[in-house]
Amino acid sequence: MPVTFSYIDSGPQDWKVSLSSNGKRKHKNLSKYNLDRSSNKCRIVGCINTFKTRGRMTGVCDVHKKHTSDLILTVSHSASIESLPGHIEIIEKLLEWSKSTNSPIDRFIEKLIKSIIGNIPEISTLAGMTPLSLEVNIDLKSLFEKHVVKVVDEFFEPDNLVSYLPLTTKKGTFPARILALALASLMFCEEANRGDRWFYRHILKDESKTTKLGGAMTVAYYAARQFKWGMDMQKPLGSIFR
């Protein structure tokens with residue numbers, strides 16, 4: 001089931017941020033839909049496949065070992081889709097903006113982490129394709145507004161021209177607020193596509209079993225950039241964000 005949502009920025013410029021579950025890079029589904037091991041039928045909605053091992057805790061057949069969808073981000077300006085810079089360059093540009101405006105970028109990143117990490121359902125559930133889809137209140141629009149827009153609004157106010165200072169990247173010039181929305185949206189997508197923290201935090205109530213960084217990958221470079229750990233972290237982290 002396709003999931004789409006577009007957020008039109010309320011500032012003085014014509015920018016739109018869109019999320020769609022039609023991406024092609026589907027990642028392994030790490031959730032466990034068959035914890036009681038009571039069935040050998042695939043739990044993905046509409047699938048009639050079975051698997052040989054009744055005790056398979058994932059509850060998915062071999063066809064559905066990967067998520068049913070892939071959440072991707074597009075950013076448009078005046079109806080034209082823009083090519084976004086990578087995570088590292090976005091972070092560097094936001095750091096430049098922070099220094100030039102004396103704005104608390106550390107608190108922005110901290111708020112994003114608390115808001116997004118562990119609070120975005122995995123994409124198969126978000127797309128309505130798992131048993132959990134009926135058990136939890138899932139709506140892409142409300143999730144995005146609560147976990148992304150609310151945080152960005154606090155630090156990049158839509159009625160403040162400072163939020164729209166132009167930042168020049170290798171992919172073109174973007175307002176600071178749009179790069180902030182892009183960074184937060186990328187974290188949102190990574191959390192849905194790669195992470196299992198939401199499942200363990202909200203469904204099993206045992207976050208310690210989380211196995212993947214998910215959206216936290218996006219802030220790994222920021223942490224290495226801001227805190228001096230006595231080692232050069234840019235090269236290995238740069239390979240993560242390609």
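A few points on the structure.

Rules used throughout
- Note that residues are indexed from 1 along each chain, following the sequence as it is written.
- Whole-chain, interface and lining totals are the exception, using all residues; otherwise, since this is a predicted model, local features are given only for residues with pLDDT of at least 70 and side-chain atom pairs are given and counted only at 80 or more.
- Only hydrogens and water are removed before side-chain values are computed, so all heavy atoms of the structure are retained for them.
- Numbering of helices and strands runs from the N terminus; a helix is a DSSP stretch of H or I covering at least four residues, while a strand is a stretch of E covering at least two.
- Relative accessibility thresholds used throughout: buried, under 20% of the residue-type maximum; exposed, over 50%; partly exposed, between the two (1.4 Å probe, protein chains only).
- Note on contacts: a residue pair qualifies if any of its non-hydrogen atoms lie within 4.5 Å across the two residues.
- Each Phe, Tyr or Trp ring (for Trp, its six-membered ring) is paired with any other whose centre lies within 6.5 Å, and the angle between the two planes then decides the class: stacked below 30 degrees, edge-to-face above 60, tilted in between.
- At least two bridges found by DSSP between two strands is the condition for calling them paired.
- Interaxial angles span 0 to 180 degrees and are taken between N-to-C directions of axes, which are lines fitted to C-alpha atoms, for helices over the stretch in contact.

### Observations regarding the overall build of the protein chain
Summing up its helical and strand segments, the protein chain has eight helices and six strands in all. Helices (α) and strands (β) of the protein chain occur, in sequence order from the N terminus, as β-β-β-β-α-α-α-α-β-β-α-α-α-α. Each principal axis of the C-alpha distribution contributes one length, and for the protein chain these read about 60 × 45 × 30 Å. Taken over 242 residues, the protein chain has a buried fraction of 51%. By sequence separation, contacts in the protein chain at least 24 residues apart represent 68% of the contacts at least 6 residues apart.

### Remarks on the packing of aromatic side chains
Enumeration according to the criterion identifies nine aromatic pairs in this entry. Here F144 and F188 contribute two aromatic rings whose centre-to-centre distance is 5.9 Å and whose plane-to-plane angle is 65 degrees, an arrangement assigned as edge-to-face. Here F188 lies in helix α5 (residues 176-194) and F144 lies in helix α4 (residues 140-155), a separation of 44 residues in the sequence. Accessibility classification places F144 together with F188 in one group, the buried group.

### Regarding the sheet that holds strand β2 (residues 15-20)
In a beta sheet, neighbouring strands pair by backbone hydrogen bonds and run either parallel or antiparallel. Taking strand neighbours across the sheet as the criterion, the four strands line up as β1-β2-β3-β4 in an open arrangement whose pairing is antiparallel. Both edges of this open sheet fall to β1 (4-8) and β4 (80-82), since each of them pairs with a single strand only. Each strand axis lies, on average, 30 degrees off the axis of its neighbour in the sheet, ignoring direction. Sheet topology places strand β3 (residues 72-77) next to β4; three bridges connect them, and they run antiparallel. In the strand pairing of β4, H77 is matched with S80. Sheet strands touched by α4: β1 and β2. Its angle to β1, the strand with the most contacts, is close to 30 degrees.

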